[in-house]
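# Structural description and commentary
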Amino acid sequence: MKKTESRISLKSVIASSLVLGAVLAMPAEATTLRIASQHAPDQYASEVLRQIKVDLESAGVDLKIKLYPAGQLGSGEQLIGETVRGSIDIVHSFVYSHKDPVLEINSLPYLVSNYDEMEKVFSPGSNFYGIFDQRMDKMGLKLLGVTAEGFIGVMSSSMPDNYQTTGPKGQNIRVWSAQSAKLGTQDMGYNTTTIDWGDAFPAIQQGVVDGMIGATPEATYTTFKEAIKNYVPYNAFVENYAYYASKKTWEKKLNEEQRKVITEVFAKAAAGFVEWSRENDAAYLKKLEESGVKVLPLTDAERSSIAKEVRAKTWPKLEERLGKDILDEVISDL
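Each value, and the rule that gives it
Every chain's residues receive numbers from 1 upward, in the order its sequence appears when written. Local features in this predicted model are restricted to residues whose pLDDT is 70 or higher, and side-chain atom pairs enter the listing and the counts only when it is 80 or higher, whereas totals over whole chains, interfaces and linings include all residues. Excluded from the side-chain calculations are hydrogens and water; all other atoms, namely the structure's heavy atoms, are used. Helical segments are the DSSP runs of H or I of at least four residues, strand segments are the runs of E of at least two, and each set is numbered from the N terminus. Exposure classes here rest on a 1.4 Å probe applied to the protein chains alone. A residue is buried below 20% of its type maximum, exposed above 50%, and partly exposed in between. By definition, residues are in contact when any of their heavy atoms lie within 4.5 Å. Computed with the Shrake-Rupley method and a 1.4 Å probe, the accessible areas treat only the protein chains shown as cover for residues. Grid spacing is 1 Å over the protein atoms alone, the probe is 1.4 Å, and a cavity is where that probe fits but cannot get out, while a pocket is an open set with protein on both sides within 12 Å along at least five of seven lines and lining residues have an atom within 4 Å of a point. Grid points are joined across faces, edges and corners, and a volume is the space filled by probe spheres set on the points. Gly is put with the polar residues, along with every residue not named as nonpolar or charged; the nonpolar set is Ala, Val, Leu, Ile, Met, Phe, Trp, Tyr, Cys and Pro, and the charged set is Asp, Glu, Lys and Arg. What makes a salt bridge here is a side-chain nitrogen of Lys or Arg within 4 Å of a carboxyl oxygen of Asp or Glu, nothing more.

### A closer look at the overall build of the chain
Looking only at helices and strands, the chain features 14 helices and nine strands. The burial tally for the chain puts 49% of its 334 residues in the buried class. The contacts of the chain with a sequence gap of at least 6 include a subset with a gap of at least 24, amounting to 76%. Carbon and sulfur atoms form 51% of the exposed surface of the chain, whose accessible area is close to 16,000 Å².

### Details of the layout of surface pockets
In this structure, the largest pocket occupies an estimated 1,000 Å³ of space. For the largest pocket, the lining is made up of 39 residues, of which Tyr 96, Trp 197, Gly 214, Glu 239 and Tyr 241 are closest to its centre. Take the lining of the largest pocket: its biggest share by element is five residues, from strand S8 (residues 230–246). Residues of the lining of the largest pocket, tallied by class, amount to 16 nonpolar, 16 polar and seven charged. In terms of lining, the second largest pocket is formed by 19 residues, of which the most central are Pro 124, Tyr 129, Gly 145, Ala 267 and Ala 270. If you list the elements that add at least two residues to the lining of the second largest pocket, you get helix H4 (115–121), strand S4 (141–156), helix H10 (256–271) and helix H11 (273–290). By residue number, the principal contributor to the lining of the second largest pocket is S4, which donates seven residues.

### Some thoughts on the pattern of salt bridges
Counting across every chain of the model gives 14 salt bridges. The partner of Glu 117 in a salt bridge is Arg 311, with the nearest N and O atoms 3.9 Å apart. Within this pair, whereas Glu 117 is found in helix H4, its partner Arg 311 is found in helix H12 (residues 300–314), the two being separated by 194 residues in sequence. Given a relative accessible area of 22%, Glu 117 falls into the partly exposed group. Residue Asp 187 is joined to Lys 317 by a salt bridge in which the shortest nitrogen-to-oxygen separation is 3.0 Å. Placement of the pair is Asp 187 in helix H6 (residues 179–187) and Lys 317 in the loop between H12 and helix H13 (319–322), with a sequence separation of 130 residues.

Quick look at the structure:
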């Protein structure tokens, strides 16, 4: 009897060892991240995001990425809410200020006016970046990088007056909903009407407005060139988006090694945008001219003078909304 029991015990030990060995030999299940963006699949930012997917999945830290481009998971405002809740893990989108007015610093007129300033201000280490990081953290979001995707000018279907100064332009143009954008555009000498991006093209074609502000040379060429005759490269605003993650994902879903890889991959991706913007803006200004749109020239001195006047007029008007201390910190970056 004892001999039989010994055989049974030995078999049990062997069986348990085999099961344990099989479990230990199984590969760890990869962590799946849902990454949403606002860019169309054929845009440069989507190309970068596809490379990010490759880099993350090949890093050897058990990450699997699912991409949802072109607003598939909602508008920019919706993406913020879903990411705070943790239903979306990482986003590449414009950061709207509907949850925190201070985030409107990304729409300050003449926050920067050249590519060197663009690189400095939109990179880690600047006061702007630090403020943006802190405010997003309070909302439940982890900032992974800011992507500066080109300068914004004014397009129009007719010739503006005094386009080289802040004098009255004799035009009413579309502007987006940010208060800083409205005030800055008005201080540039334009009358403004708030119109959604999707309604801007027919509004220009039908003469509801004379033009619009809110598009880079690339977006002007690809979307609006048939409706306009002129483009002024004011460099008044920067088309900027952000990579950000859900803090719920960051703290509960990812391990330290995964967080390190994600931080490095997104920082590298964000850092490449300024040089791309420099080249892309120049290329599309040329394409606009070739398509028959007149690019109205501005000298560096004229653009600098406009920038100084707009900062002096507009920024003080935003002190109550954004805070004088915030604006002073941002100014010290320049």
